[in-house]
Each structure stands twice: as structure tokens, then as C-alpha cells.
Amino acid sequence: MVNSAWWASALSEAVNNEKPLAVVCNGEELALFRDGQGQAFALEDRCPHRRVPLSLGCVIESGIQCGYHGWTFDGASGACTTIPNLHANERVPARYAARPYPVAERNGFVHVWLGEGEPNESVPAATYQPEGCEYTGAGTISILHEEYLAAMLDGPHCLISFDAVKMTDFFLGDPRLQDDHLVLDRGAVWSTRVLPPQFVVDYPLIVRTSVPVRGGDIRVDLLTEQEAPLCTVLIASGANRRGTTSICWRGFLPQSDVSHVPLRWRVARKMKRPPFRVHTQVDGKLLAALLEAPSRDLARLRDSSLIPLRAAV
Ligand code: FES
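Throughout, a residue's number is its position along its own chain's written sequence, starting from 1. Totals for whole chains, interfaces and linings use all residues, but because this is a predicted model, local features are given only for residues with pLDDT of at least 70 and pairs of side-chain atoms are given and counted only at 80 or more. Hydrogens and water are ignored here; the side-chain numbers use all heavy atoms of the structure.

## Looking at the sheet that holds strand E11 (residues 103-106)
Read across the open sheet, the three strands follow the order E2-E12-E11; overall the sheet is antiparallel. Looking at strand neighbours, the two that pair on one side only are strand E2 (5-11) and E11, the edges of this open sheet. Each adjacent strand pair in this sheet contributes to an overall mean axis angle of 35°, direction not counted. DSSP bridges decide pairing: two strands pair if at least two such bridges lie between them. Helix and strand definitions here come from DSSP, where helices need a minimum of 4 consecutive H or I residues and strands a minimum of 2 consecutive E residues; each element is numbered from the N-terminal end. In this structure, E11 lies alongside strand E12 (residues 109-114), joined through four bridges in antiparallel fashion. Its bridge partner lying in E12, arginine 106 is registered against phenylalanine 109. Note on geometry: axes are lines fitted to C-alpha atoms, helical ones only across the stretch in contact, with angles between N-to-C directions running from 0 to 180 degrees.

## Here we look at the pattern of salt bridges
Think of a salt bridge as a Lys or Arg side-chain nitrogen and an Asp or Glu carboxyl oxygen that are within 4 Å of each other. Summed over all chains, the structure comprises 15 salt bridges. Between arginine 46 and glutamate 29 there is a salt bridge; the shortest N-O distance is 3.8 Å. Here arginine 46 is found in the loop between strand E5 (40-44) and strand E6 (58-60), whereas its partner glutamate 29 is found in strand E4 (residues 28-34), with 17 residues between them in sequence. Arginine 46 sits in the partly exposed class, given a relative accessible area of 27%. Between arginine 186 and aspartate 169 there is a salt bridge, with its nearest N and O atoms 3.7 Å apart. You can see arginine 186 sitting in strand E17 (residues 181-190) and its partner aspartate 169 sitting in strand E15 (residues 165-171), a full 17 residues away along the chain. Salt bridges sharing common partners tie together Glu29, Glu44, Arg46 and Arg241. Burial classification: accessible surface area is computed with a 1.4 Å probe over protein chains only, and a residue below 20% of its type maximum counts as buried, one above 50% as exposed, and the rest as partly exposed.

## Considerations on the confidence of the model for the protein chain
Values of pLDDT, which run from 0 to 100, indicate the predictor's confidence residue by residue. Summary statistics for the protein chain give a mean pLDDT of 87 and a share of 93% for residues scoring 70 or more. When checking whether two residues touch, look at their non-hydrogen atoms; a contact exists if any pair is within 4.5 Å. Low pLDDT, under 50, characterises residues 307-313; the predicted model gives this stretch 15 contacts beyond four residues in sequence or across chains.

## Quick notes on the pairing of strand E19 (residues 217-224)
With respect to burial, E19 is a largely interior element, six of its eight residues being buried. Relative to E19, strand E18 (residues 205-212) runs antiparallel, the two sharing six bridges. What sits directly across from isoleucine 206, in E19, is leucine 223. Hairpin remark: E18 followed by E19, antiparallel, with four residues in the connecting loop; positive phi at glycine 215, about 80°. Turn length for the E19-strand E20 (residues 229-239) hairpin, with the two strands adjacent in sequence and antiparallel, is four residues, and the turn residue glutamate 227 shows positive phi of about 70°.

## Observations concerning the domain arrangement of the protein chain
Put simply, an interface is often sized by how much accessible area is lost when its parts join up. If you check the domain split of the protein chain, you get domain 1 (2-114) and domain 2 (134-309). An automatic or database domain assignment supplies the start and end points of every domain. Just the C-alpha atoms count here: the centres of domain 1 and domain 2 sit 33 Å apart. Residue-level contacts link 20 residues of domain 1 with 23 residues of domain 2. Overall, the association of domain 1 and domain 2 removes approximately 1600 Å² of surface from exposure, summing both partners, and the carbon and sulfur fraction of that is 58%. Our enumeration of links across domain 1 and domain 2 arrives at two salt bridges. When the shortest N-O distance is used, the salt bridge between arginine 241 and glutamate 29 registers 3.1 Å. Within the residue set of the side of domain 1 that touches domain 2, elements represented by two or more residues are strand E1 (2-3), E2, strand E3 (21-25) and E4. Throughout, the accessible surface (probe 1.4 Å) given up by two parts as they are put together, summed over both, is called the buried area.

Below you can see the structure in the form of C-alpha cells.
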């Protein structure tokens, strides 16, 4: 099964016109690269000649060149444009083409349309406008992709942490559907508070997780009680091989008033240290202890948006 949607597959800055980037996004193996004008392209990471990964080749003026026999493929159409040693009276057969994927860039990610035919949805909205220092990263985590999304709702502390912040199990309202994402607010406290969380009756912080019904772009916001943003993190996630999940992320601290936040947070900001950490290892015990609650709604919504894989290839 495949989730037919725009998938954020890589950080924009990781894709260049020097070396193709191999990514696995929702189970699809892709080679990403740019041309000299900065236009990004995605082709199936398999040469139609002898099935060698195209990402092992190199980027040249006219496209991507396979590292094995030097065939060249056009980024936009996937068509083979050059075969070395072809006689002057021979033409490149049209059937030698790599599968191209529609590509769009938004929010600092290269998005690839995975699914049947031409995109029938608009590219995700440009909702991420970083200010000041930005922090990025990428990794692979040993957890199924659907489990990763579920844990982001049931227990985001297993997957992301903010400096000096303790997330609680107290939901501030029911999950709501917003722009094709299931959004859930949970209470959080500064970990420097003297009272243990069970005696806390008000929550000075909100952790808002927005988990996609289609695709894999997750947004996590740390907000004050008045919903002023303290930190925003976008995480692109997709199924990798053998039950693992690829993730890459970018986040920033808005230039809001931080006079009331703990010293540790302010020091991190002054030193330009990231005040959040996206985990690339998961604590199985912690994960197993999570109650399945809001993620049940997500599973139901995502199931109804799936299309059979055979229709997508
Ligand atoms: S395997 Fe790619 S050109 Fe032969």
C-alpha cells in the first residue's frame, strides 16, 4: 500500500548539482539531484539498463549519468538522452527511461509526489518561516513509520525533547483535524518547577503535535500558555527498509520575549545551541508503555487515504 501524497523526502540543502542523493521515502527508492539552475529532480534510483542505483552515478549538465555504463537520463522526463558509443545511425530507444517523480520545494524540504499519476493535490502550504538560528538534522530510526506517527501523538517525549521541558500526559482538548493533519495539544511544564507534575494544576506550556493523514510531514510546536511560539520543529518522515523510518528535520526559535523562560533555555539560545533534540534512537520500554489513544483516530484516517500499491506503479 502507498500513501498517495506529497512527501517531504530530504532537506533542500542536502540536494545539489554535484552528487545525487539516495533516499528511501515511503518505501520508494529515489535519486535526488539538481541541475545548474537549482531545479530539483527525483528519479527512481534504478538504472533501466542493468538496475544499478543511479545515485551511484554523477550529475552532469544534461541530467544524471549512471556510474556503470555512462547512460544519461533527463531529470524532468527520466528519458535516456545519451548512450556512449552509440553509432551515428542509431537512436536511443524510448523504452530506456527512468521513472520520474514530480518534485516541489516547500518549507525547506524537497517534496516528491508518490502515488498514482500526476499530483491531484496542491503542494503543502508554506507555513514554516524560520527566523534567526535554524537547526537541521537527519537520521534513521528503528521503528515502523506508522508507529512513529502514532507515537508522535501518544507520547512525543519518546521521539523529541525540548531543553528544560517536561511533557505531561494531560491532553488540552480532543485531537482535531486541521489541514489534513491530526492536531493534539498536551500540557507541559518547565522541568525546573519544584512541584512534581502530578500536583500541577496549570500548564505553562503547550506541546502541539500535528501529524499528517497523508504523507509524512510532522510539525511540533512548543507554545506558551498564551500560545506564543517558543520553538517550531518540522520533521519529514517516511518508511525506510526493514521496518525503519527515515527522518530529517529543521527547527528554529522565534524571536519572542524569553525573559520569563528558565536560564538554561536562555543560555542555549545565546550560545546558539539547539534547544530541542529529535531522537534517532527509541527507548522500546518507553514506547511499549504508551497508551494507544489519539493515534487510533490517526490510524483510521490514514487507512482510508491509502491506495493499493499496484495502482501506484
Ligand atoms: S547499468 Fe546504468 S548504464 Fe548500464
